[in-house]
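# Architecture at a glance
The residues making up each chain are set out below.
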Amino acid sequence: MRRLRHNSSGAVLLVVLWTLLILSVLAVSLGRNASIELSLVKYALAKAKSKYLAWAGIIYAIDQIQQDSGDPVSNQQDTLYDCAVPSHQGKTPEELFKEQTLLDGYFTVQHFEKNAAPAAPKTFYGLRDEERKINVNALTPENVMILSALLADLGSDEGIAQTIAFSVLDWKDEDDTIGKEGYGVEDAYYMGLDNPYHCKNRPLDSKEELLLVKGMTPEIFDQVKDFVTIFPQRGNLKINLDTVSEKVLRAAAGAFSGSPTNTESSDADSLVRKMLEYRRGEDGEESTADDRLIDLNPMALNAKETVLFLMVSQFQTRRSDYIHIQSHGVEQNRDVRTQIDAIVSRDDLSIHYWHRDY
């Protein structure tokens, strides 16, 4: 009898120990899950804060644009150094746009130039205009070769470059006439594809729409997307020579070199080099206080360079109408970040495009 009682007590003890073990495992598991959920909640709150900090940067930049539009001095031109900011601030772009503190974090308005030297992207504080790019919605038979020249300069075969350029022209125009036989295409081509769709015959509503155009591939799009814009959707081609990127300037000059102007590609290259050297000012640096406005006379161009400059300057604008804002919001406690890109019309301060990273 004693033996039976002893065996029962051992069994009960064993059950109790197993129960305690299971409860301990459950407690640890629940505690870990609660810790993970708490961390996720904290991250979500920090992400929400960084998002609104980034939006604060967008609103702050729009206010700068509005002040600039009312400034009779700075409103006359936009440069890389002081694009769409008023002249009365007395502050550098870095002072205006770097790490503006707000509650638990800050926002910074900046851009990165991928092709800047050295190899690592260089940071520029402030705003950038869309008129430094090629507006594909403003392409015409007279200027379409600028896009072709850009694509060729980025590495596309000349035939592919012309196919894409003339196909973009046909994609957005309102007629069904092929712009250039052998290169452009209209509705019949797209409807003959395995997955058919119609040629739009209207302006592009996004840059990604270029992926629908004949000849365009994801690889080519990745190369060209930073050098083209769709704004404004209607109107003449405008290029701000005081802000234009080197790639776009090379394309614009190269598009007009050749027999019609009795010039060579080397003349276009030397023109671009002289323009950029002059624009950088005495310090030789882009986007600094001594940047100079492009002017024909002081650049000491030869006859052929002058011809090409006059061809390019027919598209010149000093004042840019569409401003690109890239705002970075940072929640400092957990170092959580959000980037928002927006394109704003200077005239009415409306946001025509925005994108937030996730």
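Here is what the cut-offs are and how they apply
- Numbering of residues starts from 1 in each chain and follows the order in which that chain's sequence is written.
- In keeping with the predicted nature of the model, local features appear solely for residues at pLDDT of at least 70, side-chain atom pairs appear and are counted solely at 80 or more, and the whole-chain, interface and lining totals rest on all residues.
- As a convention, hydrogens and water are excluded, and side-chain values are obtained from all of the structure's heavy atoms.
- Numbering of helices and strands runs from the N terminus, with a helix taken as a DSSP run of H or I at least four residues long and a strand as a DSSP run of E at least two residues long.
- Atoms counted for the radius of gyration: C-alpha only. Globule rule: 2.2 Å times residue count to the power 0.38.
- Remark: exposure states derive from per-residue accessible area (1.4 Å probe, protein chains only) relative to the maximum for the residue type, with buried under 20%, exposed over 50%, and partly exposed in between.
- Here, two residues are considered to be in contact whenever any of their heavy atoms come within 4.5 Å of each other.
- As used in this record, nonpolar core signifies buried Ala, Val, Leu, Ile, Met, Phe, Trp, Tyr and Cys residues forming a set joined through side-chain atoms within 4.5 Å.
- The salt bridge criterion pairs a side-chain nitrogen of Lys or Arg with a carboxyl oxygen of Asp or Glu, the two atoms within 4 Å.
- Think of a patch as exposed residues, more than 30% relative accessible area, with no salt bridge, where like charges cluster within 9 Å and nonpolar side chains (Val, Leu, Ile, Met, Phe, Trp, Tyr) cluster within 5 Å.
- Here the Shrake-Rupley method, with its probe set to 1.4 Å, supplies the accessible areas, and only the displayed protein chains count as covering residues.
- Axis definition: a line fitted to C-alpha atoms, limited for helices to the stretch in contact. Angles are taken between N-to-C directions and run from 0 to 180 degrees.
- Helix crossings fall into two classes, left-handed where the near helix is turned counterclockwise from the far one by less than a right angle and right-handed where it is turned clockwise.
- Three categories are distinguished: nonpolar for Ala, Val, Leu, Ile, Met, Phe, Trp, Tyr, Cys and Pro, charged for Asp, Glu, Lys and Arg, and polar for the others, with Gly belonging to the last.
- Aromatic rings from Phe, Tyr and Trp, taking only the six-membered ring of Trp, are treated as a pair when their centres fall within 6.5 Å; an angle between ring planes under 30 degrees marks them as stacked, one over 60 as edge-to-face, and anything in between as tilted.
- Only when the NZ atom of a Lys or the CZ atom of an Arg is both within 6 Å of the ring centre and within 35 degrees of the ring normal do we say a charge sits over the ring.

For the rest of this paragraph, the subject is the overall build of the chain. Each helix and strand in the chain was counted, giving nine helices and nine strands. At 29 Å, the chain has a C-alpha radius of gyration far larger than the 21 Å of a compact globule built from 358 residues. Taking the principal axes of its C-alpha atoms as reference, the chain extends roughly 120 × 60 × 40 Å. When the 358 residues of the chain are sorted by exposure, 43% land in the buried category. Across the chain, contacts joining residues at least 24 apart in sequence account for 62% of those joining residues at least 6 apart.

Attention now goes to the side chain of Q110. With respect to the helices, strands and loops of the structure, Q110 is situated in strand β2 (residues 105-113). Apart from the residues within four sequence positions on either side, Q110 is in contact with T123, F124, Y125, G126, Q326 and H328.

L147, L150 and L241 are the most contacted members of the largest nonpolar core, which has 57 residues in total. Looking at this core, the elements that each hand over two or more residues are α3 (145-153), α4 (158-172), α6 (218-224), α7 (246-255), α8 (265-280) and α9 (303-313). No other element matches the seven residues that α4 contributes to this core. Apart from the residues within four sequence positions on either side, L150 is in contact with I134, V224, F227, V228, K247 and A251. Core analysis: the second largest hydrophobic core is formed by 20 residues, V109, Y125, L127 and I325 among them.

On to the pattern of salt bridges. Between side chains of opposite charge, a pair can form when the charged atoms approach closely. Enumeration according to the criterion identifies 20 salt bridges in this entry. E282 is the salt-bridge partner of R292, the closest N and O atoms lying 3.4 Å from each other. With R292 in the loop between α8 and α9 and E282 in the loop between α8 and α9, this pair connects stretches of sequence that are 10 residues apart. Residue classification places R292 among the partly exposed positions, given a relative accessible area of 27%. The class of E282 is exposed, set by a relative accessible area of 70%. The residue R319 makes a salt bridge to D321 at a minimum N-O spacing of 3.2 Å. Residue D321 is classed as buried on the basis of its relative accessible area, which comes to 16%. Here the residues in one salt-bridge network are D153, K247, R250 and D269, joined through shared partners.

Where nonpolar side chains cluster on the molecular surface, the patch consists of L14, W18, L21, I22, L23, V25 and L26 and spans about 710 Å² of accessible area. Relative to the helices and strands, L23 is located in helix α1 (residues 2-69).

Here the focus is the packing of α3 against α4. The interhelical angle for the contact between α3 and α4, taken along N-to-C directions, is 145°, at an axis separation of 8 Å. For the crossing formed where α3 meets α4, the hand is right-handed. Counting all contacts with α3, which are made through M145, L147, S148, L151 and A152, the residues of α4 involved are A161, Q162, I164, A165, F166 and V168. Partitioning the contact of α3 with α4 into residue classes produces nine nonpolar, two polar and no charged.

Cis geometry marks the peptide bond from F231 to P232, where omega comes out at -5°. Within the fold, P232 resides in the loop between β6 (228-229) and α7. In the Ramachandran plot, N201 falls in the positive-phi region, its phi being about 55° despite a non-glycine side chain. The topology assignment puts N201 in the loop between α5 (187-191) and α6.

So, about the packing of aromatic side chains. The full count for this structure, using the stated rule, is 10 aromatic pairs. With centroids separated by 5.3 Å and ring planes inclined at 55°, the aromatic side chains of Y60 and F107 adopt a geometry described as tilted. On the criterion of sequence distance, the pair formed by Y60 in helix α1 and F107 in strand β2 is long-range, its members being 47 residues apart. Classification of F107 as buried rests on a relative accessible area of 6%. Note on F231 and Y322: the rings are 5.7 Å apart at their centroids and 15° apart in plane angle, and the pair reads as stacked. Here F231, found in the loop between β6 and α7, pairs with Y322, found in strand β7 (residues 322-331); they are 91 residues apart in sequence, far enough to count as distant. Residue class for F231 comes out buried when judged on its relative accessible area of 11%. Grouping aromatic residues by their ring pairs yields a cluster made of W171, Y189, Y190 and Y197. The side chain of K214 reaches across the aromatic face of Y189, ending 4.9 Å from its centre. Of note, R292 hangs over the ring of Y278, and the distance from its end group to the ring centre comes to 4.4 Å.

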